[in-house]
There are 2 protein chains.
Amino acid sequence: MIIDRLIDKIKEKKNPTVLGLDTCAEYMPDELRVGIKSFKDAGKAVFEFNKNIIDNTADIIPAVKVQAAYYEMYGSYGAEAFQKTLEYAKKQGLVTIADVKRNDIASTAGAYSKAYLSHSDISGEAAFDSDFITVNPYLGSDGIIPFTDDCSKYGKGIFVLVKTSNKSSSEIQNRVLDDGTKIYELMSDYAAEWGKGLTGKYGYSSVGAVVGATQTAEAEAIRKRHKGLFFLLPGYGAQGATAKDLAVSFDADGLGAIVNNSRGIICAYKKYDGLNYYRAARKAAELMKDDLNAYLPL
Amino acid sequence: MIIDRLIDKIKEKKNPTVLGLDTCAEYMPDELRVGIKSFKDAGKAVFEFNKNIIDNTADIIPAVKVQAAYYEMYGSYGAEAFQKTLEYAKKQGLVTIADVKRNDIASTAGAYSKAYLSHSDISGEAAFDSDFITVNPYLGSDGIIPFTDDCSKYGKGIFVLVKTSNKSSSEIQNRVLDDGTKIYELMSDYAAEWGKGLTGKYGYSSVGAVVGATQTAEAEAIRKRHKGLFFLLPGYGAQGATAKDLAVSFDADGLGAIVNNSRGIICAYKKYDGLNYYRAARKAAELMKDDLNAYLPL
């Protein structure tokens, strides 16, 4: 069960951090950025940047999250960098999350699942082989089941968007239904339902939930509602959430969630004078680990 | 205004059909499929298939919709076929819709918008330059505004998922809020709101709505609620909707919506003996045009 592998890695490294590789030219230091004249150059630079950051953090972090949007900007060369990053991270023993927020009707969701989770008829492995992907649940069960079927078959997982970290998430997600349930609660109920049968040895399911680290009240409500729902928490650092805000998402053993940090790590070189980007990234990752450990009994 | 260009093309060709290029190896005839041994082969075959279908239908259809999932299955080679298909369709004068259903927080939505709608800092045009993309509204306004800003700047459009064509869409989209509004109605209200300022000469906005062709009652309700919301209607053909079901989505002039057909056109060769895949596609597209025109005063 992939959720067990993720939790084992978190325990082994005493660190529930996901390194978020939202890598694009604008986030890179000048020495890498100036050479970029084409999408091909950008793809190469992105992978080099990611590789150096992975090499300098892989011993202290359990997982990486690769955000598709930043790679799609560079077309097929970006797709290549995306694939190579996932592959390289996997080789370094990291759990990989493709943050793609895909969603569609069943036949199309099946095609997305082939791209990320299942096996290709042509080349064996999925083109963008990932341990987890993020998915958007607005289409309901029949758009999710192709993914969970493949999670069972191929030992993969998904994180379902439940309550997102952005301000406007309340416009829809906090609306109250006629039976008193909030939309994000309804989504968490579906996520728990979809994850039945994928529960591992720690009591958590390989179908988890994306819950904004900035959304303390909602995180607490969802945690109370579903003990077995593992959270992917974006919003720490650049988006404003602190380690203290996150504590409600974890259980008494310090498990139950993983905290993403993208710009706070990959752009740390802007903050730490005298350190190059990958040493700065390591320093930021170390500080984040300490910050989280002050609140978690890992 | 891109919505005007789309409507002009629909009027000129008397045909509100979108050719849906959900192209993957399984949908191809044997003669194209047998040669596929790698993702590279698949990418080449997919583009060749699409090009031949476009060449044989471009004079009778106004627009194509390219479904990203089927291309992502083939990794960076699929991405290349996706880009080349969009580019080729544009060169043939067709309006292009990238069916990507993207969604994320503002900074990331901005990156997606760069990939599809706006201009790249590196190479001028967007990597996957498209006239329209589809987006999922679950994150609320701040995840959509980066797209609508670029729609204004670069003359592009979006279709917001409102009521999808799949059976399970009711699980979430038909839930009723405490004020009596249904979720899909709420989404249609947001879509209308986001589209203010992007209304063209026919009274329709470049921010449209995805409404399942199979969802007659909901389509009628949304049409009554928002006269200026242009619909993208998937679900005709393979998913079971007929031309009669669709009539409620159109206005008295036969405008207001465009009907997607993917498998019904690209897999038509399985139905019409003696015709190769692109001649069969043309025949299916002609029959669909006649079918729609029987109900629409175009």
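Residues numbered from 1 in each chain as written. Chains lettered and ligands numbered in written order. Predicted model: local features only at pLDDT ≥ 70, side-chain atom pairs only at ≥ 80, totals over all residues.

## Description of the nonpolar core
Here is the rule we go by: In plain words, the nonpolar core is the set of buried Ala, Val, Leu, Ile, Met, Phe, Trp, Tyr and Cys residues that C-beta atoms within 7 Å link up. Residue burial is a threshold on neighbouring C-beta atoms within 10 Å of the residue's own C-beta, all placed from the backbone, with 20 or more meaning buried, 12 or fewer meaning exposed, and counts in between meaning partly exposed. Contact definition: two residues whose C-beta atoms, as placed from backbone geometry, lie within 7 Å.
Formed by 216 residues in total, the largest nonpolar core has its most connected members in Val160(A) and Val160(B). If we skip the residues at most four places from it in the chain, Val160(A) touches Val135(A), Pro137(A), Met187(A), Ala191(A), Val207(A), Ala209(A) and Val210(A).

## Observations regarding the packing of helix 9 (residues 183–194) of chain A against helix 10 (residues 216–225) of chain A
Describing two packed helices takes the angle between their axes plus the distance from one axis to the other. All names here are of chain A. Our working rule: In this analysis, axes come from line fits to C-alpha atoms, helices being fitted only over the stretch in contact, and the angle between any two N-to-C directions falls in the range 0 to 180 degrees. We count a stretch as a helix when DSSP gives it H or I for four or more residues in a row; a strand needs E for two or more, and each element gets its number in order from the N terminus. The sense of a crossing depends on the near helix, which, turned anticlockwise from the far helix by less than a right angle, makes the crossing left-handed and, turned clockwise, makes it right-handed. All amino acids are sorted into three groups, where Ala, Val, Leu, Ile, Met, Phe, Trp, Tyr, Cys and Pro are nonpolar, Asp, Glu, Lys and Arg are charged, and the leftover types, Gly among them, are polar.
Axis separation between helix 9 and helix 10 bottoms out at 10 Å; the angle between their running directions is 35°. Relative to helix 10, the crossing made by helix 9 is right-handed. Facing helix 9, whose interface residues are Tyr 184, Glu 185 and Ser 188, helix 10 presents Glu 218, Ala 221, Ile 222 and Arg 225. Residue composition of the contact of helix 9 with helix 10, grouped by class: three nonpolar, one polar and three charged.

## Here's the deal with the environment of Met187(B)
For Met187(B), the location among the structural elements is in helix 9 (residues 183–194). In sequence terms Met187(B) and Gln173(B) are 14 residues apart; their C-alpha atoms lie 8.7 Å from each other.

## Here we look at the relation of the copies chain B and chain A
Superposing the two chain copies requires a rotation about an axis and a translation along that axis. We count it as follows: Least squares is used to superpose the copies, and the fit set is the C-alpha atoms of residues whose pLDDT is at least 70 in both copies.
When chain B is brought onto chain A, the operation consists of a screw motion whose angular component is 180° and whose axial shift is 0.0 Å, with 0.0 Å RMSD remaining. Look at the turn and shift together and you get a two-fold axis relating the two. Residue by residue, 98% of the interface of chain B is reproduced at the interface of chain A, so both copies engage with the same surface.

## Side note on helix 1 (residues 2–13) of chain A
Because an α-helix packs 3.6 residues into every turn, residues spaced three or four apart end up facing the same way. So the rule is basically this: Helix span is expected to be 1.5 Å times the residue number reduced by one.
With twelve residues, helix 1 of chain A extends 17 Å from end C-alpha to end C-alpha; this agrees with the ideal 16 Å at 1.5 Å per step. Buried positions along helix 1 of chain A lie against strand 2 (63–67), strand 3 (95–102), strand 5 (157–163) and strand 8 (257–261) of chain A.

## Considerations on the sheet that holds strand 1 (residues 17–21) of chain B
Residue and element names in this part refer to chain B. Counted only if it meets this: Two strands are counted as paired when DSSP detects at least two bridges linking them.
One closed barrel holds the eight strands; their spatial order is 1-2-3-4-5-6-7-8, and the pairing between them is parallel. Pairwise comparison of adjacent strand axes, ignoring direction, gives a mean angle of 30° for this sheet. Where strand 4 (residues 132–135) lies against strand 5 (residues 157–163), four bridges are found, and the strand directions are parallel. Each residue of the ladder has a partner; that of Val 135, found in strand 5, is Val 160.

## With respect to the sheet that holds strand 5 of chain A
All names here are of chain A. With parallel pairing, eight strands are arranged side by side around a closed barrel as 1-2-3-4-5-6-7-8. Each adjacent strand pair in this sheet contributes to an overall mean axis angle of 30°, direction not counted. Strand contacts of helix 9: strand 5 and strand 6 (207–211), with the helix running at about 165° to strand 5, the strand carrying the most contacts. Packing against the sheet, helix 10 makes contact with strand 5, strand 6 and strand 7 (231–233), and its axis sits at approximately 160° to strand 6.

## Observations concerning the interface of chain B and chain A
By a frequent convention, interface size equals the accessible area lost on bringing the separate parts together. Opposite the 53 residues of chain B that make contact, chain A presents 52 residues. Taken together, the elements giving at least two residues each to the side of chain B that touches chain A come down to helix 3 (39–55), helix 4 (68–72), helix 5 (75–91), helix 6 (106–116) and helix 8 (169–173) of chain B. For the side of chain B that touches chain A, the per-class residue count stands at 24 nonpolar, 19 polar and ten charged.

## Side note on the confidence of the model for chain A
Heads up, the condition is: Values of pLDDT, ranging from 0 to 100, describe the predictor's confidence in every residue of the model.
Predicted confidence across chain A gives a mean pLDDT of 96, with 100% of residues reaching 70 or more. Interface confidence in the predicted complex, given as ipTM, is 0.97; pTM for the same model is 0.98.

## Brief notes about helix 7 (residues 145–154) of chain A
Those residues of helix 7 of chain A not exposed but buried are Pro146(A), Phe147(A), Thr148(A), Asp150(A) and Cys151(A). Taken from the residues just after helix 7 of chain A, Gly155(A) is the one with a positive phi, measuring 65°.

## Considerations on the pairing of strand 1 (residues 17–21) of chain A
All names here are of chain A. Among the five residues of strand 1, five are classified as buried, and the element is accordingly described as predominantly covered. As paired strands, strand 1 and strand 8 are joined by three bridges and run parallel to one another. If you follow Val 18 over to strand 8, its bridge partner there is Asn 260.

## Describing the pairing of strand 6 of chain A
Residues and elements named next belong to chain A. Convention followed: By convention a crossover is right-handed if, when the strands point away from the viewer, the path from the first strand over the helix to the second runs clockwise.
When you tally the buried positions in strand 6, you get five out of five residues, the bulk of the element. Of the two faces of strand 6, the one holding Val 207, Ala 209 and Val 211 and the one holding Gly 208 and Val 210 are both buried throughout. Bridging between strand 5 and strand 6 involves five bridges; their strand directions are parallel. Along strand 6, the bridge assignment pairs Phe 159 with Gly 208. Note: strand 6 against strand 7, two bridges, orientation parallel. Across the sheet, the residue bridging to Ala 209 is Phe 231, located in strand 7. As for the winding sense of the linkage, the β-α-β connection from strand 6 through helix 10 to strand 7 is right-handed.

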